[in-house]
Amino acid sequence: MLQAARQGGVGVLSTLLTHWQQHALREVILCRCGQRMSSRGWRAKKLLTTLGRMPLGRSFYQCEQCHQSRCPDDERLDIVQTTYSPGVRRLMARAGSQSQFAQAAEDVRCYAGLKVEAREIERVAEEVGPQVEQWLSEQQEQILQRVGASPASPLSAAKFYISFDGTGVPVRKNELVGRRGKQADGSARTREAKLGCVFTQVGLDKDGYPKRDLDSTTYVGAIESSTLFGWRMYAEALRRGLAPAKEVIALTDGALYHRPIVQTHFPDAVHIVDLFHAYEHLTAIAQILWGQQAKAPKAWRDLLEAGDIGRLVGKAGKQLPTSAQSKKSRLKPLGYFEKNAPQMRYAEYRARKFFVGSGVIEAGCRTVIGERLKQSGMRWSVRGANAIIALRCCILSGRFEDFWASRTS
Ligand SMILES: [Zn+2]
């Protein structure tokens, strides 16, 4: 019955399209070179729609000057240089962003009754991803140009969090030329994908800890420089209501490039370095001093919780040995505290009911990036990885339908 209904649907769609073509206004078709193009009759192509396969005839135009060609109907129907309808491309891109391409092809077959090859899913996902990225960056541009003019938002009462972090994505060898990495021989296997999120918090849970607002998290990300990523993060924060927000909190793990981004784009934010990373560094110092099983003394941990980093560094620093070589290796974790001390006033943050951990973005790195891009045996091109990251961020931020809507105007 379903099969028959779909076949009937293809017939109806076909009739509608023919009617639409017959009643379209006759327009002068111009070439990109400015010449008027002349009709070369009809050309047929097979289109795969969500209802099934359908032959489609449309007028074909060519330029006598430079021989470029156009099918205006394809442009109106958003099927230029593709045999998949927008509805099918949406399914394919979405499925391909959610699981491995072979699995995605199987999902599309099961859920939509459409037979498409895994490599076609890959191709379409890698086409739609950059289109999504293009759309996002056009919006980003518009938002950045409107700075200061953004309307008051109902979010203004909430605590407004921005958080970002990086995670390595395994890439092909040719994407790594000239890059140093963490492998034993100094080579790299991965490129860092940067992921950022924005979320809000109004309430507290029953134990009095801050509680993230349900469904308030949106994501942005890409394999790109920290400068570009800073602007991406900033535009997303503006889009989400940074301007009217009274309390802005930036949560990071204290990596070197994080601070310039916060200082440049979020100078009024309370910048907090993840407490759990701080604990790890404290443990690292203890292990250097007293061996692998050592834990940080309670006095240190109390100082950390109190945010009294000056005294903490003093106390831990006293344990330092005198030999220059070992001193250097021991100074490194201590330096983490010295550099990040202003972002470690944990007692104050707790009193103001702020989150003190970057758990949201770390979970994001796993769910948005890791689960799809870091499975065993995967090797990505930067273009392919960024396509999938753009799709996943767009979908998880609830903007995928807006993207498709923007193409039908
Ligand atoms: Zn021309």
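Residues numbered from 1 in each chain as written. Predicted model: local features only at pLDDT ≥ 70, side-chain atom pairs only at ≥ 80, totals over all residues. Heavy atoms only, no water.

Engineer: Could you give me a rundown of the overall build of the protein chain, with the residues and numbers involved?
Structural biologist: Across its full length, the protein chain holds 15 helices and nine strands. Whereas a compact globule of 409 residues would reach a radius of gyration of roughly 22 Å, the protein chain reaches 27 Å, over 25% beyond that. Across its three principal directions, the C-alpha atoms of the protein chain cover 85 × 50 × 50 Å. In the protein chain, buried positions account for 46% of the 409 residues. Contacts spanning at least 24 positions in sequence make up 67% of the contacts within the protein chain whose residues lie at least 6 apart. Distance from the positive charge centre (60 side chains) to the negative charge centre (40 side chains) of the protein chain: 3 Å. (Helix = DSSP H or I, 4+ residues; strand = E, 2+ residues; numbered from the N terminus. Rg over C-alpha atoms; globule rule 2.2 N^0.38 Å. Buried < 20%, exposed > 50% of the residue type's maximum accessible area, 1.4 Å probe, protein only. Contact = heavy atoms within 4.5 Å. Lys, Arg positive; Asp, Glu negative; His and termini not counted. Charge placed at Lys NZ, Arg CZ, Asp CG, Glu CD.)

Engineer: So what about the pattern of salt bridges? Which residues, and what values?
Structural biologist: In total, this model carries 22 salt bridges according to the counting rule given. As a salt-bridge pair, Lys-45 and Asp-74 come within 3.1 Å of each other at their nearest N and O atoms. Linking Lys-45 in strand β1 (residues 38-49) with Asp-74 in helix α2 (residues 72-77), this pair joins segments that are 29 residues apart in sequence. The shortest N-O distance in the salt bridge between Arg-350 and Glu-305 comes to 3.3 Å. Of this pair, Arg-350 sits in helix α12 (residues 346-351) while Glu-305 sits in helix α9 (residues 298-306), and the two are 45 residues apart along the sequence. Through salt bridges with shared partners, a single ionic network connects Glu-247, Arg-345, Glu-348 and Arg-352. (Salt bridge = Lys/Arg side-chain N within 4 Å of Asp/Glu carboxyl O.)

Engineer: I'd love a proper account of the packing of aromatic side chains, names of residues and values included.
Structural biologist: Summed over the entire model, instances satisfying the criterion amount to 14 aromatic pairs. With centroids separated by 5.6 Å and ring planes inclined at 40°, the aromatic side chains of Trp-290 and Trp-300 adopt a geometry described as tilted. Of this pair, Trp-290 sits in helix α8 (residues 275-290) while Trp-300 sits in helix α9, and the two are ten residues apart along the sequence. A residue is classified by how much of its surface remains accessible, and Trp-290, at 42% relative accessible area, is partly exposed. For Trp-300, a relative accessible area of 3% gives the class buried. (Phe/Tyr/Trp six-rings, centres within 6.5 Å; stacked < 30°, edge-to-face > 60°.)

Engineer: If you had to explain the packing of helix α3 (residues 86-98) against helix α5 (residues 118-145) to someone new, which residues and values would you point to?
Structural biologist: For the pair α3 and α5, the least separation of the axes is 8 Å and the interaxial angle reads 95°. The orientation of α3 relative to α5 falls into the category roughly perpendicular. Taking contact as the criterion, the partners of Arg-89, Met-92, Ala-93 and Gly-96 in α3 are, on α5, Glu-120, Ile-121, Val-124, Ala-125 and Val-128. Here the contact of α3 with α5 is composed, by residue class, of six nonpolar, one polar and two charged. (Axes fitted to C-alpha atoms, helices over the stretch in contact; angles between N-to-C directions. Parallel < 35°, antiparallel > 145°, perpendicular 65-115°, else oblique. Nonpolar A, V, L, I, M, F, W, Y, C, P; charged D, E, K, R; others polar.)

Engineer: Report on the state of the cysteines, specifying residues and quantitative values.
Structural biologist: A complete count under the given rule lists zero disulfides for this structure. Of all cysteine sulfurs, the one in Cys-31 lies closest to Cys-71, which takes part in no disulfide; the gap is 13 Å. (Disulfide = S-S within 2.5 Å.)

Engineer: Which residues make up the coordination of the zinc ion, and what values go with them?
Structural biologist: Around the zinc ion, the protein contributes the donor atoms Cys-31 (SG), Cys-33 (SG), Cys-63 (SG) and Cys-66 (SG), at 2.2 to 2.4 Å from the metal centre. Each of the four donor atoms bound to the zinc ion contributes to angles spanning 103 to 122°, and the resulting shape is tetrahedral. Spacing between the donor residues of the zinc ion along the chain follows C-x1-C-x29-C-x2-C. Residue Cys-31 is located in the loop between α1 (2-22) and β1, and its partner Cys-63 is located in the loop between β2 (52-62) and β3 (69-70); the two are separated by 32 residues in the primary sequence. Cys-63 carries the same exposure label as Cys-31, and that label is buried. (Donors = N, O, S within 2.8 Å, 3.2 Å for Na, K, Ca; no water. Tetrahedral: all angles 85-135°; square planar, octahedral: opposite > 155°, others 65-115°.)

Engineer: Explain unusual backbone geometry to me, using residue names and the numbers behind them.
Structural biologist: The phi angle at Asp-215 is positive, at roughly 60°, despite the residue not being glycine. Tracing the backbone shows Asp-215 in the loop between β6 (210-212) and β7 (218-222).

Engineer: Describe helix α6 (residues 226-240), and please don't skip the residues or the numbers.
Structural biologist: For α6, with 15 residues, the first-to-last C-alpha span of 21 Å sits near the 21 Å given by 1.5 Å per residue. Buried within α6 we find Phe-229, Gly-230, Arg-232, Met-233, Tyr-234, Ala-235, Glu-236, Ala-237, Leu-238 and Arg-240. Of the surrounding secondary structure, the elements contacted by the buried residues of α6 are α5, β4 (159-170), β5 (190-204), β7 and α7 (258-265). Of the residues trailing α6, Gly-241 is marked for its positive phi of about 105°. (Expected span 1.5 Å × (residues − 1).)

Engineer: I'd love a proper account of the sheet that holds β3, names of residues and values included.
Structural biologist: Read from one edge of the open sheet, three strands run β1-β2-β3, paired in antiparallel fashion. Of all strands in the sheet, those bounded by a partner on one side alone are β1 and β3. Across ten bridges, β1 lies against β2 in antiparallel orientation. Paired with Ser-38 across the two strands is Gln-62, which belongs to β2. Strands β1 and β2 of the sheet are contacted by α1, whose axis makes an angle of about 15° with β2. (Pairing = 2+ DSSP bridges.)

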